[in-house]
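One-letter residues, chain by chain:
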Amino acid sequence: MLNNYKKNLKSITFFLSALIILNYLVMFIYYNKFISSVIVSVYLLLIISFFFLKIHESIIFKLTLLILGIIAAGSPPVDWDAWAIWLFHAKRIYIEKNFFITLNNYSNLHNSYPLIVPSFMVSFSNLIKGWNLILPKFSVYLLYMPPLIYINSIFNKKFNLVFLIITILTVDKFLFNGYIDGLIAIYFSFCIYLFYELFFEEKNDKIDYLILFCFLTILSLLKNEGFVLTLIVLSLIPIKNFIDKKSILKLDKKNFLYLSILPYLIWKLISISKGVGTDVVDGAKFERIYDFKILIDSLLLIFKSLFLNFKFLLSLIVLILSFYFFKNKRLLKITLYCSVIYVLILILIYTLTPHNLEWHLNTSSRRVMMTVYYIIIFTSAVSFYKNYKSN
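Residues numbered from 1 in each chain as written. Predicted model: local features only at pLDDT ≥ 70, side-chain atom pairs only at ≥ 80, totals over all residues. Heavy atoms only, no water.

**Focus: the overall build of the protein chain**
Definition in use: Counting from the N terminus, the helices are DSSP H or I runs at least four residues long and the strands are E runs at least two residues long. Only the C-alpha atoms count toward the radius of gyration. The rule for a globule is 2.2 Å times the residue count to the power 0.38. Throughout, a contact is declared for two residues whenever any of their heavy atoms are within 4.5 Å. Areas reported here follow the Shrake-Rupley algorithm with a probe of radius 1.4 Å; residue values treat only the protein chains shown as occluding. Only four residue types enter the tally: Lys and Arg on the positive side, Asp and Glu on the negative side, with His and both chain ends excluded. For charged residues, the charge sits on one atom: NZ in Lys, CZ in Arg, CG in Asp, CD in Glu.
Across its full length, the protein chain holds 19 helices and 0 strands. Relative to the compact-globule value of 21 Å for 391 residues, the protein chain shows a C-alpha radius of gyration of 21 Å, a close match. Its C-alpha atoms put the protein chain at 55 × 55 × 45 Å along the principal axes. A separation threshold of at least 6 residues defines the contact pool for the protein chain, and within that pool the share at least 24 residues apart is 79%. For the protein chain, the accessible area works out to roughly 17,700 Å², and carbon and sulfur atoms hold 70% of it. If the 38 positive side-chain charges of the protein chain are averaged to one point and the 20 negative ones to another, these points end up 8 Å apart.

**Focus: the packing of helix α7 (residues 145-154) against helix α8 (residues 157-171)**
Heads up, the rule is: Each axis is a line fitted through C-alpha atoms, taken for helices only over the stretch in contact, and angles between the N-to-C directions span 0 to 180 degrees. Crossings are assigned a handedness: left-handed for a near helix turned anticlockwise from the far helix by less than a right angle, right-handed for a clockwise turn. For this classification, Asp, Glu, Lys and Arg are treated as charged, while Ala, Val, Leu, Ile, Met, Phe, Trp, Tyr, Cys and Pro are nonpolar and the rest, including Gly, are polar.
Viewed as axis vectors pointing N to C, α7 and α8 meet at an angle of 145 degrees, and their least axial separation amounts to 9 Å. Note that α7 runs across α8; the crossing there is right-handed. Along its contact with α7, which presents Leu 148, Ile 151 and Asn 152, the element α8 presents Asn 160, Phe 163, Leu 164 and Thr 167. Along the lines of polarity and charge, the residues of the contact of α7 with α8 split into 4 nonpolar, 3 polar and no charged.

**Concerning the environment of Asn 224**
Note the cut-off: Think of it in three bands: residues with accessible area under 20% of the maximum for their type are buried, residues over 50% are exposed, and the middle band is partly exposed, with areas taken using a 1.4 Å probe on protein chains only.
Of note, Asn 224 is situated in helix α11 (residues 224-234). Among the residues examined, Asn 224 registers a relative accessible area of 12% and is labelled buried. Contacts of Asn 224, omitting those with residues within four sequence positions, involve Ser 112, Tyr 113, Pro 114, Tyr 264, Lys 268 and Thr 278.

**Describing the pattern of salt bridges**
Rules: Definition used for salt bridges: Asp or Glu carboxyl oxygen within 4 Å of a side-chain nitrogen of Lys or Arg.
Summed over all chains, the structure comprises 12 salt bridges. Its salt-bridge partner being Glu 225, residue Lys 223 comes within 3.2 Å of it at the nearest N-O pair. For the residue pair Lys 223 and Glu 225, the accessibility class agrees, reading buried in each case. The network of salt bridges with common partners includes Asp 81, Asp 181, Lys 223, Glu 225 and Arg 367.

**Concerning unusual backbone geometry**
Even without being glycine, Lys 97 reaches a positive phi, approximately 55 degrees. Tracing the backbone shows Lys 97 in the loop between α4 (80-96) and α5 (116-128). Residue classification places Lys 97 among the partly exposed residues on the basis of a relative accessible area of 46%.

**Let's talk about the nonpolar core**
For the record, the criterion: For our purposes a nonpolar core is just a set of buried Ala, Val, Leu, Ile, Met, Phe, Trp, Tyr and Cys residues, chained together by side-chain atoms within 4.5 Å.
Counting 133 residues, the largest nonpolar core has Tyr 43, Met 145 and Leu 222 as the members making the most contacts within it. For this core, the leading source of residues is helix α9 (residues 181-200), giving 16 residues. Apart from the residues lying within four places of it in its own chain, the contact partners of Tyr 43 are Leu 16, Leu 19, Ile 20, Phe 120, Leu 142, Leu 143, Met 145 and Pro 146.

**A short note on the state of the cysteines**
Each disulfide consists of one covalent bond between the sulfur atoms belonging to two cysteines. Quick note on the threshold: When the sulfur atoms of two cysteines come within 2.5 Å, that pair is taken as a disulfide.
For the coordinates displayed, the defined rule picks out 0 disulfides. Between Cys 191, a free cysteine, and Cys 214, which holds the nearest cysteine sulfur, the sulfur-to-sulfur gap is 10 Å.

**Quick look at the confidence of the model for the protein chain**
Formally: Per-residue confidence from the predictor is given as pLDDT, running between 0 and 100.
For the protein chain, per-residue confidence averages 91 on the pLDDT scale, and 98% of positions sit at 70 or higher. Taking the mean pLDDT of every element in the protein chain, the minimum, 82, falls on helix α14 (residues 279-282) and the maximum, 97, on helix α10 (residues 206-222).

**With respect to the packing of aromatic side chains**
The condition that has to hold: Side-chain rings of Phe, Tyr and Trp (the six-membered ring for Trp) are treated as a pair once their centres are within 6.5 Å; stacked means planes under 30 degrees apart, edge-to-face means over 60, and tilted covers the remaining angles.
Scanning the entire structure with this criterion turns up 38 aromatic pairs. Between Phe 100 and Trp 267 the ring centres are 6.3 Å apart and the planes differ by 20 degrees, which places this aromatic pair in the stacked class. Note that Phe 100 is positioned in the loop between α4 and α5 and Trp 267 in helix α13 (residues 262-273), a separation of 167 residues in sequence. Overall, Trp 267 belongs to the buried group, its relative accessible area being 0%. With 6.5 Å between their ring centres and 15 degrees between their planes, Tyr 196 and Phe 200 make a pair best called stacked. With Tyr 196 and Phe 200 both in helix α9 and 4 residues apart, the pair spans about one turn of that helix.

**Examining the side chain of His 89**
Relative to the helices and strands, His 89 is located in helix α4. Each residue touching His 89, except ones within four places of it in the same chain, is listed here: Thr 102, Leu 109, His 110, Asn 111, Leu 115 and Pro 118.

**A word on the side chain of Thr 379**
The criterion, for reference: Polar contact is the term for a pair of N or O atoms within 3.5 Å; when the atoms are in protein, one must be able to donate a hydrogen and the other to accept it, and sequence-neighboring residues count only if both atoms are side-chain atoms.
As for its placement among the helices and strands, Thr 379 is situated in helix α19 (residues 357-390). In terms of polar contacts, Thr 379 uses its side chain to reach the backbone carbonyl oxygen of Ile 376, at 3.4 Å. Apart from the residues lying within four places of it in its own chain, the contact partners of Thr 379 are Leu 331, Leu 332 and Thr 335.

Structure (structure tokens):
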């Protein structure tokens, strides 16, 4: 009975994540209010089905999700990125009925960002037949449902509640303030977990393959850093082949995962063709590397902002303790690899930033490092749970 329950949870997770991608593709190929409304309606019905699936199972977990939803629906967007980037992009698409309207480069509001989240906001607004600032922001919270529902297939009902509390404490207000960074942290972490289970633990679960593909696609379309994180996950494929003493270019069933970045690459090619670039790439100040004093001062400021804070130090302690106490360290090693690569990329981006470095760090370092905190806490919790079950 429990296995059937977990299979149902995975099925709901897959269909939810597939609908997010389908909605994006519908908006991308042919903007249609009716189709997008139907997609979001089915999405909501699937979420409702989770709450009624074995209604007494994980009841506190489900009630907590509902409370978080009420908070998300009852609070207006007050932070810059939420209303000036994501909601503004969505509003332009909604009013103009044109998915590509952001590519006219009106104002400097990160118009090159992929639009999977704004497209979902638009579809949600099509369903309610009107635009406001509250409910489209609330729809961002709904995008957390696939991985949060999937949690119940990993842990038992006691641990899934504990893990949800950890998620709330780590992701904090980003769960319901309309920002995308919490989505990036959570989808990335679940991609790492699924990759580990499928390719390092060699579990042959077809629906997990499909969920991983969907999660990778969604991750790549959240923001530009989501695409970078997707590439980091995909880099594990040749690494795994190397560990198995196979050709790193060996063609097998793993390789279909590379197709997950195709929608992002198509979007990026269209953006470039319209002359819409990425500020931190197009305006990168490489001359900073050649001035030793500026470089050292920049690196010191970057290290202070990224690493000298409570959440990073706590996650680092958790990782060290996990390596010390848990016998199976493969998932932790994967986590360490992915985290280090990501942090090195962040250091490079901040070093070359065209913006005032102190301003750039103050406005973004906490958000981007949340991915590192979360993946460490997540994989350490999974390792603890596996160790607990084996004993």
